[in-house]
Amino acid sequence: MNSQKPVRKTRGPSETKAQQWHDVVKIGRTHLEDAVPLTVGQEWSGYAHQLHQAIDRVTRSAEGLLELAMGGTAVGTGLNAPPGFGEQVAAEIADATGYPFTTAQNKFAAQGGLDAMVGASAGLRALAVPLMKIANDIRWLASGPRCGLDELVLPANEPGSSIMPGKVNPTQCEAMVMVCIQVLSEDQAIAFAGTQGNFELNAMRPVIINNFLHAATILGDACVKMREYCIEGIQLNRDQIDSYVDRSLMLVTALSPVIGYDKASAIAHKANNEDTTLRAAALASGYVSAEDFDRIVRPAAMAGQS
């Protein structure tokens, strides 16, 4: 929240997975369609960096909460307050909490608007957004095991669904998505309440505080549970990942600089229409030799691994 109590940036499980799987080549997806290769580690490094950035935003957004309106009394003038009252109260609260609370520089702004509270809620929103994206990615990548993507294997926290024995549902991911929906909704309520100040006072503090504390509590709890019961136990289905790489048509992208976009596109369409491998289609097209194909179309190299 501040320099006295910094957020600890220890290596989290997403970073651990990124390092563990740094050399596992997989097929990327854009627009929900097959794309060029990357590594599982690169994909997870993206998740880790998103979370680090979100934590920074939460930390920065909370700094405005350290300015206290106490001492402004009715309209911000400090009428009837003893001299130094605001400063003394801020010092007492700082001493009790260990955070550097100060008296607000401008009591009129602090009482007439609740902008710092709205900003702090925006920090939670900035965390909820990538968390929802990551949770959805994981449950899509774990879909299956026979009729889905089946790249990730989730921990079996439950014995099965209510009717289908042995079915492993992505319950922690679903819980995270629901929590994020709630947090985003409460952020909207907070932002709306922040607009409702009239003249020298915004009286909407109770609804803002209630929503903010609830959002922070459930989001923090969801993060702990997601880490413990999902992220730490995730495994890879290497056979499925390797199979997708072998079957991918988008590896043809590596040929574009050599034979041109149109010829590379024709190869991809030929392979897809004839249900054959990209290599077979490329050789049948006559646009590239077997030697050149094997030299150019190397998934690991396309992912920057060699």
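What counts and how
- Residues numbered from 1 in each chain as written.
- Predicted model: local features only at pLDDT ≥ 70, side-chain atom pairs only at ≥ 80, totals over all residues.
- Heavy atoms only, no water.
- Helix = DSSP H or I, 4+ residues; strand = E, 2+ residues; numbered from the N terminus.
- Rg over C-alpha atoms; globule rule 2.2 N^0.38 Å.
- Buried < 20%, exposed > 50% of the residue type's maximum accessible area, 1.4 Å probe, protein only.
- Contact = heavy atoms within 4.5 Å.
- Lys, Arg positive; Asp, Glu negative; His and termini not counted.
- Charge placed at Lys NZ, Arg CZ, Asp CG, Glu CD.
- Polar contact = N/O pair within 3.5 Å; in protein donor to acceptor, adjacent residues only side chain to side chain.
- Pairing = 2+ DSSP bridges.
- 1 Å grid on protein atoms, 1.4 Å probe; cavity = no way out; pocket = protein on both sides within 12 Å on 5 of 7 lines; lining within 4 Å.
- Points joined across faces, edges and corners; volume = space filled by probe spheres on them.
- Disulfide = S-S within 2.5 Å.
- Salt bridge = Lys/Arg side-chain N within 4 Å of Asp/Glu carboxyl O.
- Nonpolar A, V, L, I, M, F, W, Y, C, P; charged D, E, K, R; others polar.

### Quick look at the overall build of the chain
The helix and strand tally for the chain stands at 13 helices and 6 strands. Here the chain has a C-alpha radius of gyration of 27 Å; the compact-globule value for 306 residues is 19 Å, and the former is much larger. Counting only residues that meet the buried cut, the chain has 37% of its 306 residues in that class. Nonlocal contacts in the chain, meaning residues at least 24 apart in sequence, comprise 69% of its contacts between residues at least 6 apart. In the chain, 25 positive and 32 negative side-chain charges are present, and the distance between their average locations comes to 2 Å.

### Brief notes about the side chain of aspartate 187
For aspartate 187, the location among the structural elements is in helix α6 (residues 171-194). Residue classification places aspartate 187 among the buried positions, given a relative accessible area of 2%. Reaching out from aspartate 187, the side chain makes a polar contact with the side chain of arginine 125 at a distance of 2.9 Å.

### Considering the pairing of strand β2 (residues 33-39)
Examined bridge by bridge, strand β1 (residues 25-30) and β2 share 5 bridges and lie antiparallel to one another. Paired with threonine 30 across the bridge in β2 is glutamate 33. Once β1 ends, the chain turns through 2 residues before running back antiparallel as β2, passing histidine 31 with a positive phi of about 60 degrees.

### Comments concerning empty space enclosed by the protein
Evaluation of the coordinates by the stated rule reveals 1 cavity of 30 Å³ or more. Approximately 60 Å³ is the volume found for the largest cavity. Leu154, Pro155, Asn157, Glu158, Asn169, Pro170, Thr171, Gln172, Tyr229 and Cys230 together form the lining of the largest cavity.

### With respect to the state of the cysteines
This structure, assessed with the given rule, holds 0 disulfides. Looking at cysteine 173, it has no disulfide partner, and the nearest cysteine sulfur is the one in cysteine 230, 4.0 Å off. Since its relative accessible area comes to 0%, cysteine 173 is described here as buried. Cysteine 180 supplies the cysteine sulfur nearest to cysteine 223, a cysteine that is in no disulfide, at a spacing of 7.5 Å.

### Section: unusual backbone geometry
Note: most residues except glycine have negative phi, and most peptide bonds are trans. Here glycine 144 and proline 145 are connected by a cis peptide whose omega angle stands at 10 degrees. Mapped onto the elements of the fold, proline 145 is located in the loop between α5 (115-141) and β5 (152-153). Located in the positive-phi region is threonine 73, a residue other than glycine, with phi close to 50 degrees. Structurally, threonine 73 is set in the loop between β3 (67-68) and α3 (85-97). Residue threonine 73 is classed as partly exposed on the basis of its relative accessible area of 35%. Within the chain, phenylalanine 199 stands out as a residue other than glycine whose phi angle is a positive 55 degrees. The residue phenylalanine 199 is located in the loop between α6 and α7 (205-229) in this model. By relative accessible area, phenylalanine 199 is classed as exposed at 79%.

### Description of the pattern of salt bridges
All chains considered together, the criterion is met by 11 salt bridges. Note that aspartate 221 and lysine 225 form a salt bridge whose closest N and O atoms lie 3.0 Å from each other. Linking aspartate 221 with lysine 225, this pair stays in helix α7, spanning 4 residues, or about one helical turn. Residue classification places lysine 225 among the partly exposed residues on the basis of a relative accessible area of 31%. With its nearest N and O atoms 2.9 Å apart, the salt bridge here joins arginine 279 to aspartate 294.

### Topic: the layout of surface pockets
In this structure, the second largest pocket spans a volume of roughly 430 Å³. Considering the residues around the second largest pocket, the lining is formed by 19 residues, among which Gly64, Leu65, Glu67, Ala116 and Met117 are closest to the centre. At the level of elements, β3, α4 (107-112), α5 and α7 are the ones that each hand at least two residues to the lining of the second largest pocket. With 5 residues, α7 is the largest single contributor of residues to the lining of the second largest pocket. A per-class count over the lining of the second largest pocket returns 14 nonpolar, 2 polar and 3 charged.

### Here's the deal with the environment of leucine 278
Its place among the elements puts leucine 278 in helix α11 (residues 278-285). Overall, leucine 278 belongs to the buried group, its relative accessible area being 6%. Distance from leucine 278 to arginine 247, taken between C-alpha atoms, is 7.5 Å for residues 31 residues apart in sequence. Excluding anything up to four places from it in sequence, leucine 278 contacts Ser248, Leu249, Leu251, Val252, Ile267, Ala268, Ala271 and Phe293.

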